[in-house]
Amino acid sequence: MSVNRFFDNPFDFLRRFGRNKVQIFIYLHIQAMKMRVSLRPVLIPLIAATQILYDLMFAKTTDKSSKTGQRIAETVEVNNAVENFKKAMRKLYARAFDKLGVNSPIFIQLFNNGLKTYNNMILENAYLVITTVKTTVTTYATELGADMKILIDNCYTEFNDARVLQTGLASNVKGNKPVYDVVLDQMIDQLDTNRHTICLDDNTHPEENYVFFEDSVLFTPSTHKSTDKGNILIVSVEPSTQKDSGASFGPGQKATLENPSEEDIYYFPAQTATEIMPKSSLFVPKNGGKVILTSEEMGSPDNKYLLIGNRTTDKLLVLKITIE
């Protein structure tokens, strides 16, 4: 983080990364400056200049036809597919009840809380629920009947096709690539200006300047979930399957949730990833708030999932999860 180390712009490497990761990288950079502006007033003009370019790069572009197409996809194809799946689950419930009984492991796996999970299903967790049921019914097709497998397979296909259409329309609405490419050049220059200014402001402790440029997000796998209608977004995090270490989230371990965003992010421990996240969930405070959860506080070993949600659909929110 020394200004004397580079003669070329070190942020040219951002061109190698996709739009989503570049957005998160710049978003975290802006948030880091905002959280420290009271201690370093030199950041004020940098924040303003970077925010203007950020808004230009990632603003949504819309037109009447794409708006109409997206609305049709949401209100007809997708919603109809969800309702058809709920009807299919009532048929599957009757079949499993009559043929296997309520004490059957298969029945319990599918209907551990009756039809509540399926009746209360919302669009944000529908894909996960339908996929889970499809896998289970495929596994036990002999016990449940081939007609049930066909029924659920058809529901999955209908929903998946409708969701793909919806996602495609949503991406068209967000597409502003010509503007993005032009402004990216300006943003790369702005980031280099920020680096010089920040480092010259504190050149005696260069290690403290790393916090403004969090590049680890660029080199780690990530997924991004689109949203609609103002519902809570749900992402399941299963502590018992840490992919990096292979270790389990056992007794005495802790998970730190850190929220650099400008909106609160909600969380709720759950037994399954298909549960509905209640509106009374706890939250990680905005602007650098932290929450430390132990496995016991999560309800381990019964609770294996942590549901993460947001209630803001027009802003990017980021939650950093560190498992000790």
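For the structure, see preceding data.
Rules used throughout
Residues numbered from 1 in each chain as written. Predicted model: local features only at pLDDT ≥ 70, side-chain atom pairs only at ≥ 80, totals over all residues. Heavy atoms only, no water. Salt bridge = Lys/Arg side-chain N within 4 Å of Asp/Glu carboxyl O. Helix = DSSP H or I, 4+ residues; strand = E, 2+ residues; numbered from the N terminus. Buried < 20%, exposed > 50% of the residue type's maximum accessible area, 1.4 Å probe, protein only. Pairing = 2+ DSSP bridges.

(A) Inspection of the pattern of salt bridges at higher detail. Inspection of the entire model under this criterion finds nine salt bridges. For the salt bridge of Lys-34 with Glu-262, the shortest nitrogen-to-oxygen distance reads 2.9 Å. With a gap of 228 residues between them, Lys-34 in helix 1 (residues 19-35) and Glu-262 in the loop between strand 3 (254-259) and strand 4 (265-270) connect regions that are remote in the sequence. Judged by its relative accessible area of 34%, Glu-262 falls in the partly exposed class. In this structure, the salt-bridge partner of Arg-95 is Asp-147, at a minimum N-O distance of 2.9 Å. Here the residue Arg-95 occupies a position in helix 3 (residues 64-99), and Asp-147 occupies one in helix 8 (residues 146-174), the gap between them amounting to 52 residues. On the basis of relative accessible area, Arg-95 is assigned to the partly exposed category, the value being 25%. Judged by relative accessible area, which is 39%, Asp-147 ranks as partly exposed. Members of the salt-bridge network, linked through shared partners, are Asp-12, Arg-15 and Asp-185.

(B) Spotlight on the pairing of strand 4. The element strand 4 is extensively covered by neighbouring structure, given that five of its six residues are classed as buried. Taken together, the three bridges between strand 4 and strand 5 (residues 282-284) define a ladder with antiparallel strand orientation. Bridge pairing links Ile-265 to Val-284 in strand 5. With five bridges joining them, strand 4 and strand 7 (residues 305-309) adopt antiparallel strand pairing. Note on strand 7: the bridge partner recorded for Tyr-266 is Gly-309.

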